[in-house]
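# A look at the structure
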Amino acid sequence: MSRSTISLIVLCYLASTLRAEVDYLSDIKPLFEEKCGACHSVLKQEAGLRLDAGTLVRRGGDGGSVIDRNDASSSRLIQRVVATELDERMPPDGEGTPLTREQVQLLTEWIRLGAPSPDDEPVIESPSQHWSYLPPLKSTELAKLADSETVNPVDVLLRAKWRQQGLVPNNAADDAAIIRRAYLDVTGLPPTLDQQDSFLAKPSSDAWGKLVDRLLDDPAYGEKWGKHWMDIWRYSDWDGYQDEVRGSQRHIWHWRDWIVESLNADKGYDQMAREMLAADEISPDDMNALRATGLLVRNFHASNRDIWLDATVEHTAKAFLGMTIACARCHDHKYDPISQREYYAVRAIFEPHRVRTEQLPGQADLAKQGLPRTYDADLDVATYLYHRGNEKNPDKEHPVEANVPEILSVPFTIDLVTLTQQAAHPYLKSYIEIEELVSAESLLASASDDLVNQKDEPTAEARQAVTVAQTRLESLKLRWAATKASLNRHESATNLAIKAATADRSFKYQQSLLNVVQKRSQVEKAKASIEADEAKKKAAIEACEKALAAAQKELVDASVATLETNDQFTPVGTTYPATSSGRRKAFANWITHRDNPLTARVAINHIWLRYFGEPLVENVFDFGLRSPRPRHHELLDFLAVELMEHNWSMKHIHRLILTSDAYRLSSNVDDLAEGNRIKNERIDPDNHWFWRADVRRLDAELVRDSLLAIGGSLDRTMGGEDLDFKTGETTPRRSLYFRHAYEKQMQMLVVFDAANPTDCYRRSESVIPQQALALANSPLSRDQSRRLAKRLTAEAADDSTFIELAYRVTLGRSAGTDESSACASFLHHQTELLTSPAALETIDGPSKTLTTASDDPAQRAREGLVQVLLNHNDFVTLR
């Protein structure tokens, strides 16, 4: 056979293979969206041509048809994408990369086949007709069952889809599997033996509903679901080293605690959103509500205000609206109806805001404690459109007013907010004055005690320290009195201001005098020191004399200042603007308005994802034109409306989902009739229609917390400042409370795919060797296995009972017959080996545990068995 014949056969084979693999929905439609969507879609139709639906491609544009089935490679569409001249090639130069050879081949073959596409492919004539921009409506399927209280609406809608697709739902999960699933899904902690036994006893027909209510009332619910929302809202503790803060802020943990508390109290999702975006404008004196503005504080960026505001716009839109507004920073959005000017209009909403830290009771040092919150610092600041997104090229001739995207027809009205006196003058909080005066009195008492203790000959420094403390206290009292009189416009304000200014200058003079006394003493000590190295001694003396000279100059300046007569005294605190722009309040109201079609849908999508492992809308932060109508659109809309109609209660949605039959389906299809199983797997192998439960890996925090819980070590203390992530192996608090920031994450959590602090709307799952090593070798895992083994031994009369208890505690299920046999054999063999430890090889591990291994061979074997079960796939898996 000749080489040319072989080549021809190969080409024919490749061509036939290509034809079989070309699929419009997976190959062609995404290609058009990526390469052609900016110019040939519902947003924009260059030459009257749309390529966002098969029927539209076949229809052609102003110049007629762009495809030729009889000669596909000569089609105008193909000729334009393969053109070598830049002014002819599509996509245009600078607007996208050329199609690859493989992409051209796919497109050519699709045309040769007649450019087929589904008959029911949706075509919209305006972006406003896109499914996500239309109001969510309840399904007619549910209208038929409006009077029924016995049928869960989630099941009604899913069953309708199963019937349409010809699917048979899987059997229900067994009781052991479903109770473990519910506990971990709702509270993030595995059920104890008592909790398992209580449910398995099933004292009533509504046991499941009562269990769901108990789980939602458990404070652990707020902790578990708080972490989910913290992922979405990009929670991050401060980023920096020592005193440096590069991103976020110290004490941002107050926002974390607010999230947990709000969820446990079932605060409406709409109210949570409003407080996070504008609590300082809605409740300016409510310190608890102000914690919520950590959402905006978190975006702080020390070196670049543009980065700060860009992150705020981008992630606020993604988190609450499922809109990729950031794509319009440099030019009009290529795929969605958002102009570049609209991007900067949204930025203008946030332009005036800054961050400050409020003093809290008991600690005046804001580096040690405080409440970071947002506020509007400058109502006159302008927002400019950056040409091509370049901050060095702003369009200063056309300032951009605060506004929202026009595609959503929702009322947006901005009204200035007049703040309370305390909001503008936060130092007026009563405890601040009281604590400052108590501190000053304490300093005076301490200085006086030091003077008294120097009975023989008090030093000049000690005497002067008392004088300084006395003048400090007097100055502080007068400054407070003058400040309050001025704010209240009292007739004594001017007189008090003069007295406060005089006392203030006197205090500063006495403080400068003390500095001179102290520096002079240091010079004398340097001269009197015994230093063998004369050069070093001379240098030390010179340094002290230089410091003394500086102090003496300050004293002269302070002395001169005491001769002045005016009312200029040091403020007792920082004064902030008394008016806020109202922009963020208006934006928060716009987002949570009942007519906004996106907000509730986005929230529901996130909740569903965390229960089923897959969302109802695939791209959880992009509900734009590239997001096709969801398979379960009716279910998404029903739950969205249900959320809004029930005061945005998330617990109501949790309860609906948890009490559905769909949530309790088994992930194991082996019990399904073989014919139904084969049919289901042929129709829907990826479980897009949720006819069975998906096997899910536990989130990183749940893996660690479960270890502590089953070992009986978990410290259930809630709230408080962030813990050093380096102590994660030894501090038994829930993982939620450890420092979480760039380069500040517990290694064990990172190994199990913890959230990226920068961006984590949906976690990924990896399978890597380090995960097994973490469970096998970490001190935490070994400690908890030993603690659990000791506790179970006290309850187990024999090995078989121990094995059963160990399985139920670690894996939430009973051991199978083969498993029990294997475990019994393991215990027997290990006990024999450990009876003669001298014959075993000792391996030194890299880290030490807090719990010492048992000296008893049988107990040591049991510890080993528990350690093995902690490495079982079922321990880190929900089934």
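All values derive from a computational prediction rather than experimental measurement.

This brings us to the overall build of the chain. Each helix and strand in the chain was counted, giving 34 helices and 6 strands. Principal-axis analysis of the C-alpha atoms places the extent of the chain at approximately 115 × 85 × 70 Å. Counting all 879 residues of the chain, 50% fall into the buried class. A sequence separation of at least 24 residues applies to 72% of the contacts in the chain between residues at least 6 apart. Of the side-chain charges in the chain, 105 are positive and 131 negative, and the distance between the mean point of each set is 1 Å.

Attention now moves to the nonpolar core. By size, the foremost hydrophobic cluster in this structure holds 168 residues, and its most contacted members are Trp-229, Trp-233, Phe-320, Phe-587 and Trp-608. Every residue in contact with Phe-320, bar those within four places of it in the chain, is listed here: Trp-233, Tyr-269, Ala-273, Met-276, Leu-295, Ile-591, Leu-598, Thr-599 and Val-602. Counting 22 residues, the second largest nonpolar core, distinct from the first, contains Phe-32, Leu-49, Leu-99 and Val-104.

Omega for the bond connecting Met-90 with Pro-91 falls within 30 degrees of zero, at -5°, which places this linkage in the cis form. Residue placement: Pro-91 occurs in the loop between α4 (76-82) and α5 (101-112). The backbone of Arg-234 sits at a positive phi, close to 60°, despite the residue not being glycine. For Arg-234, the position within the fold is in the loop between α11 (219-232) and α12 (253-264). A positive phi is found at His-251, a non-glycine position, where the angle reads about 70°. The residue His-251 is located in the loop between α11 and α12 in this model. You can call His-251 buried: its relative accessible area is 8%.

Let us look at helix α32 (residues 799-811). Two residues of an α-helix separated by three or four positions point the same way, owing to the 3.6 residues in each turn. Under the 1.5 Å per step criterion, the end-to-end length of α32 is 17 Å for 13 residues, consistent within 8% with the ideal 18 Å. Residues Phe-802, Ile-803, Leu-805, Ala-806, Tyr-807, Arg-808, Val-809, Thr-810 and Leu-811 constitute the buried set of α32. Of the surrounding elements, those touching the buried residues of α32 are α8 (175-186), α9 (193-200), α28 (700-710), α31 (779-793), α33 (817-835) and α34 (857-870). A positive phi of about 75° marks Gly-812, the residue just after α32.

Okay, the side chain of Glu-701 next. Mapping Glu-701 onto the fold places it in helix α28. When its relative accessible area of 7% is taken as the criterion, Glu-701 is described as buried. Apart from residues no more than four positions distant in its own chain, Glu-701 is found in contact with Lys-227, Ser-735, Leu-749, Ala-754 and Arg-763.

Quick look at the environment of Ala-789 now. Mapped onto the fold, Ala-789 is located in helix α31. The exposure class assigned to Ala-789 is buried, which follows from its relative accessible area of 0%. Each C-alpha atom of the pair Ala-789 and Gly-864 lies 8.7 Å from the other, and the pair is 75 residues apart in sequence.

For the rest of this paragraph, the subject is the pattern of salt bridges. All told, the structure shown has 57 salt bridges when counted by the stated rule. Glu-261 is the salt-bridge partner of Arg-291, the closest N and O atoms lying 2.8 Å from each other. Here Arg-291 is found in the loop between α14 (287-290) and α15 (294-297), whereas its partner Glu-261 is found in helix α12, with 30 residues between them in sequence. The exposure class assigned to Glu-261 is partly exposed, which follows from its relative accessible area of 42%. We note a salt bridge from Arg-347 to Asp-310, for which the minimum N-O separation is 3.9 Å. You can see Arg-347 sitting in helix α17 (residues 340-350) and its partner Asp-310 sitting in helix α16 (residues 305-321), a full 37 residues away along the chain. Here Arg-347 falls in the buried class, since its relative accessible area comes to 4%. Look at the salt bridges and you will find they share partners, linking Asp-306, Asp-310, Arg-329, Arg-347, Glu-351 and Glu-391 into a network.

Our next topic: the side chain of Arg-181. Within the fold, Arg-181 resides in helix α8. Buried within the structure, Arg-181 lacks any salt-bridge partner; its nearest side chain of opposite charge belongs to Asp-185, at an N-O separation of 5.5 Å. Discounting chain neighbours no more than four positions away, the residues touching Arg-181 are Ala-173, Tyr-663, Arg-664, Leu-665, Ser-666, Ser-667, Ala-693, Arg-696, Leu-878 and Arg-879.

Attention now goes to the confidence of the model for the chain. Across the chain, pLDDT averages 92, with 97% of residues at or above 70. Confidence drops under a pLDDT of 50 for residues 1-20, and excluding neighbours within four residues, the segment shows 8 contacts in the predicted structure.

All right, on to the packing of α32 against α33 then. Any two packed helices are characterised by how steeply their axes cross, that is the angle between the axes, and by the distance between the axes. For the pair α32 and α33, the least separation of the axes is 10 Å and the interaxial angle reads 120°. By the criterion of interaxial angle, the relationship of α32 to α33 is oblique. Note on packing geometry: the crossing formed by α32 with α33 is right-handed. Touching Asp-799, Ile-803 and Tyr-807 of α32 are Glu-819, Ser-820, Cys-823, Ala-824 and Leu-827, all from α33.

So, on to the packing of aromatic side chains. One pass over the full model with this rule turns up 24 aromatic pairs. Centroid distance Tyr-611 to Tyr-663: 5.6 Å. Interplanar angle 85°. Geometry classified as edge-to-face. Of this pair, Tyr-611 sits in helix α24 (residues 599-612) while Tyr-663 is found in the loop between α26 (650-658) and α27 (674-683), placing the two residues 52 residues apart along the sequence. Judged on exposure class, the residue Tyr-611 and its partner Tyr-663 are both buried. An aromatic cluster is defined as three or more aromatic residues linked by ring pairs; in this entry it consists of Trp-225, Trp-608, Tyr-611, Phe-612, Tyr-663 and Phe-690. Seen from the ring of Trp-308, Arg-305 lies directly overhead, with NZ or CZ sitting 4.4 Å from the centre.

In this section: the environment of Arg-89. Mapped onto the elements, Arg-89 comes out in the loop between α4 and α5. Look at Arg-89 and you get buried, because its relative accessible area is 10%. Note: C-alpha distance between Arg-89 and Gln-79 (10 residues apart in sequence) is 8.3 Å. Excluding residues within four positions of it along the chain, Arg-89 makes contact with Arg-80, Val-81, Ala-83, Gly-96 and Pro-98.

α17 sits mainly inside the fold: 10 of its 11 residues count as buried. Of all the residues in α17, the buried ones are Gln-340, Glu-342, Tyr-343, Tyr-344, Ala-345, Val-346, Arg-347, Ala-348, Ile-349 and Phe-350. Considering only its buried residues, α17 is in contact with α13 (269-282), α15, α16, β1 (353-358) and α23 (583-591).

Counted residue by residue, strand β2 (residues 371-376) has 6 buried out of 6 residues, so it is predominantly covered. Across 6 bridges, the pairing between β1 and β2 is antiparallel. What sits directly across from His-353, in β2, is Asp-376.

Packing of helix α19 (residues 430-453) against helix α20 (residues 460-487) leaves a shortest axis separation of 8 Å and a crossing angle of 165°. Classed by the angle they form, the pair α19 and α20 counts as roughly antiparallel. Pair α19 / α20 crosses with left-handed handedness. Touching Ile-432, Glu-433, Glu-436, Leu-437, Ala-440, Glu-441, Leu-443, Leu-444, Ala-447, Ser-448 and Leu-451 of α19 are Ala-462, Arg-463, Ala-465, Val-466, Ala-469, Gln-470, Arg-472, Leu-473, Leu-476, Lys-477, Trp-480 and Lys-484, all from α20.

For the structure shown, the criterion picks out 0 disulfides. Not engaged in a disulfide, the cysteine Cys-327 finds its nearest cysteine sulfur in Cys-330; these two sulfurs lie 9.7 Å apart. Residue Cys-327 is classed as partly exposed on the basis of its relative accessible area of 39%.

Rules used throughout
Each chain carries its own residue numbering, running from 1 in the direction its sequence is written. The predicted origin of the model limits local features to residues at a pLDDT of at least 70 and limits the giving and counting of side-chain atom pairs to 80 or more, whereas totals for whole chains, interfaces and linings rest on all residues. Note that the side-chain values use all heavy atoms of the structure and ignore hydrogens as well as water. Runs of E in the DSSP output that reach at least two residues are strands. Runs of H or I that reach at least four are helices, and both are numbered from the N terminus. The rule is simple: take the accessible area with a 1.4 Å probe, protein chains only, and divide by the maximum for that residue type; under 20% is buried, over 50% is exposed, in between is partly exposed. Here a residue-residue contact requires only that any non-hydrogen atoms of the pair lie within 4.5 Å. Charge counting follows a simple rule: Lys and Arg are positive, Asp and Glu are negative, and His as well as the terminal groups are ignored. Here the site of a charge means NZ on Lys, CZ on Arg, CG on Asp, or CD on Glu. The definition of a nonpolar core used throughout is a set of buried Ala, Val, Leu, Ile, Met, Phe, Trp, Tyr and Cys residues joined through side-chain atoms within 4.5 Å. Residue count minus one, scaled by 1.5 Å, sets the expected span of a helix. Any Lys or Arg side-chain nitrogen located within 4 Å of an Asp or Glu carboxyl oxygen qualifies as a salt bridge. Note: pLDDT gives the predictor's confidence per residue, expressed from 0 to 100. Fitted lines through C-alpha atoms serve as axes, helices being fitted only where they are in contact, and the angles separating the N-to-C directions of these axes extend from 0 to 180 degrees. An angle counts as roughly parallel when it lies under 35 degrees, as roughly antiparallel when it exceeds 145, as roughly perpendicular when it falls between 65 and 115, and as oblique in every other case. A clockwise turn of the near helix away from the far one marks a right-handed crossing, whereas an anticlockwise turn of less than a right angle marks a left-handed crossing. For Phe, Tyr and Trp, rings pair up if their centres lie within 6.5 Å, where Trp contributes its six-membered ring, and each pair is then called stacked (planes under 30 degrees apart), edge-to-face (over 60) or tilted (otherwise). The criterion is that NZ of a Lys, or CZ of an Arg, lies within 6 Å of the ring centre and within 35 degrees of the ring normal, and then a charge sits over that ring. Strands were regarded as paired on the criterion that DSSP finds at least two bridges between them. When two cysteine sulfur atoms lie within 2.5 Å, the pair is treated as a disulfide.

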